[in-house]
Amino acid sequence: MVSAVVLAAGASTRMGTQKLLLPFGGEPLIRRAVRQVVATGFDDVLVVLGSEHQATAAALEGLPVRRVINAQFASGMGSSFRTAVEHLPDSEAAMFALADQPFVTTGEYQQVLDAYRKREHPIVSVRYGEVMAPPHLFEREFFPELARLQHGARDVLLRHLERTTILRFPADLLVDVDTPEDYELAKSRLSSASSGS
C-alpha cells in the first residue's frame, strides 16, 4: 500500500489566523490541497491536523481520508512526521505533501507516484528550479529517520541523494501561503489563471 500524507498541523502564526481555513478558489485552502491528493489515486490518504483541528477536520468533511491529531504541533514539523509514521503501519511507502501549496495539483502528485512505481529508487524528491521542497515520497525503510526529524525532511533527503529520483517542477508552482501578502498574491494569481490572462 502506498499512502499519501498531508501535513496540516501548523498554527499559522505569520498569517495571524488559521490559513488552512481561508477561502481559495471557492473552498478552504486545506480542502483544495487534500482534494488534489485524493484525486491522485494513492491507496490511503492521511491528514495530520493540529492547530484548530476541529475546524480543519470539518473542512475535510466528505473526503475519503483518515485524520489524526498531532497534539505536539507547536514543537515543529518533525512532530507531524512522527505522528504520521505512527499511523502508517501497513504502508510500503508514503508521499508527504503540505496543505499550503495551492498550485501543486493532482498532476504533480501523480508524477511523484508514477516515478515511485517505476521502482528506480526508494525516494522521490522534487525540485522547483533549484529549490528542494515537498512533496517527497519515501519507502518504509526511511520512516524511522523521518520520525526523528525536528523540522522538514531536507536532512534525510541530502543523506540519501544517491537513492533518490529527482523530479523537476516549474519554479512558479512553489507558492507557500504563510503571510497575508502571500495569500493575496496567490488569490490574484488564481484569479488571473481562471480568467485566462
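Up top is the structure.
One numbering rule holds for all chains: residues counted from 1, following each sequence as written. This being a predicted model, a pLDDT of at least 70 is required before a residue's local features are given, and a value of 80 or more before pairs of side-chain atoms are given or counted; all residues contribute to the totals for chains, interfaces and linings. Only heavy atoms go into the side-chain values, all of them from the structure, while hydrogens and water stay out.

Go over the packing of aromatic side chains, please, and point to the residues and values.
Note on aromatic contacts: the rings of Phe and Tyr and the six-membered ring of Trp form a pair at centre separations within 6.5 Å, being stacked when their planes are under 30 degrees apart, edge-to-face when over 60 apart, and tilted otherwise. If you walk through the whole model with that rule in mind, you get five aromatic pairs. Aromatic side chains Tyr128 and Phe169 sit 5.8 Å apart centroid to centroid with 80° between the ring planes, which places their arrangement in the edge-to-face category. Placement of the pair is Tyr128 in strand E7 (residues 123-128) and Phe169 in strand E10 (residues 164-169), with a sequence separation of 41 residues. Across the pair, Phe169 and Tyr128 agree in class, each one buried. Linked through ring pairs, Phe81, Phe96, Phe138 and Phe142 together constitute an aromatic cluster. Placement of a charge over a ring requires the Lys NZ or Arg CZ to be within 6 Å of the ring centre, with the centre-to-atom vector within 35 degrees of the ring normal. In this arrangement the basic side chain of Arg189 is found over the ring face of Phe103, its NZ or CZ atom lying 4.0 Å from the centre. By definition, any uninterrupted DSSP run of H or I lasting at least four residues is a helix, any uninterrupted run of E lasting at least two residues is a strand, and each is numbered from the N terminus. The buried label applies to any residue whose accessible area, calculated with a 1.4 Å probe on protein chains only, is under 20% of its type's maximum; exposed applies above 50%, and partly exposed to all values in between.

Residues and numbers for the nonpolar core, please.
Buried Ala, Val, Leu, Ile, Met, Phe, Trp, Tyr and Cys residues form a nonpolar core when they are joined through side-chain atoms within 4.5 Å. By size, the foremost hydrophobic cluster in this structure holds 46 residues, and its most contacted members are Ile30, Val47, Met95 and Leu137. Listed by contribution, the elements that provide at least two residues to this core are strand E1 (2-8), helix H1 (29-38), strand E4 (44-49), strand E6 (93-98), helix H4 (106-117), E7, E10 and helix H7 (180-195). Setting aside its immediate chain neighbours within four residues, Val47 contacts Val6, Ala8, Val34, Leu60, Val65, Arg66, Arg67 and Val68. Residue contacts follow a heavy-atom distance rule, with two residues in contact if any of their heavy atoms lie within 4.5 Å.

Which residues make up the pairing of E4, and what values do they have?
Most of E4 is tucked away: six of the six residues are buried. The pairing of E1 with E4 spans six bridges and is classified as parallel. Across the sheet, Ala8 pairs through a bridge with Leu49, a residue of E4. In this sheet, strand E5 (residues 66-69) lies alongside E4 in parallel orientation, the contact comprising four bridges. In short, DSSP must find at least two bridges between two strands for them to pair.

An account of the environment of Ala8 is needed here, citing residue identities and associated values.
For Ala8, the location among the structural elements is in strand E1. Taking the C-alpha atoms as reference, Ala8 lies 21 Å from Arg127; in sequence the two are 119 residues apart. Look past the residues within four positions of Ala8 in its chain and what remains in contact with it is Leu20, Ile30, Val47, Val48, Leu49, Gly50 and Ala99.

Which residues make up the environment of Val131, and what are the values?
Positionally, Val131 belongs in strand E8 (residues 131-132). Val131 sits 43 residues away from Leu174 along the chain, and the two C-alpha atoms are 8.7 Å apart. Not counting residues within four places of it along the chain, the set of residues in contact with Val131 comprises Val126 and Leu174.

For the pattern of salt bridges, give the residues involved together with the corresponding values.
A side chain with one charge can pair with a side chain of the opposite charge if their charged atoms come near. By definition here, a salt bridge exists when the distance from a side-chain nitrogen of Lys or Arg to a carboxyl oxygen of Asp or Glu is within 4 Å. Tallied over the entire structure, the rule returns nine salt bridges. Sharing partners across several salt bridges, the network here consists of Lys19, Asp100 and Asp178.

I'd love a proper account of the environment of Val85, names of residues and values included.
Following the sequence through the fold, Val85 ends up in helix H3 (residues 77-86). Along the backbone, Val85 and Arg140 are 55 residues apart, and their C-alpha atoms lie at a distance of 9.1 Å. Those residues in contact with Val85, other than ones at most four positions away along the chain, are Phe143, Leu146 and Ala147.

Tell me what's going on with H4, and back it up with residues and numbers.
With 12 residues, H4 extends 16 Å between its outermost C-alpha atoms, agreeing within 8% with the 16 Å of an ideal straight helix rising 1.5 Å per residue. Within the sequence span of H4, burial applies to Thr106, Glu108, Tyr109, Val112, Leu113, Ala115 and Tyr116. Tucked inside the fold, the buried residues of H4 contact E1, H1, E6, E7, strand E9 (136-139) and E10. Given a helix with a known number of residues, its expected span is that number minus one, times 1.5 Å.

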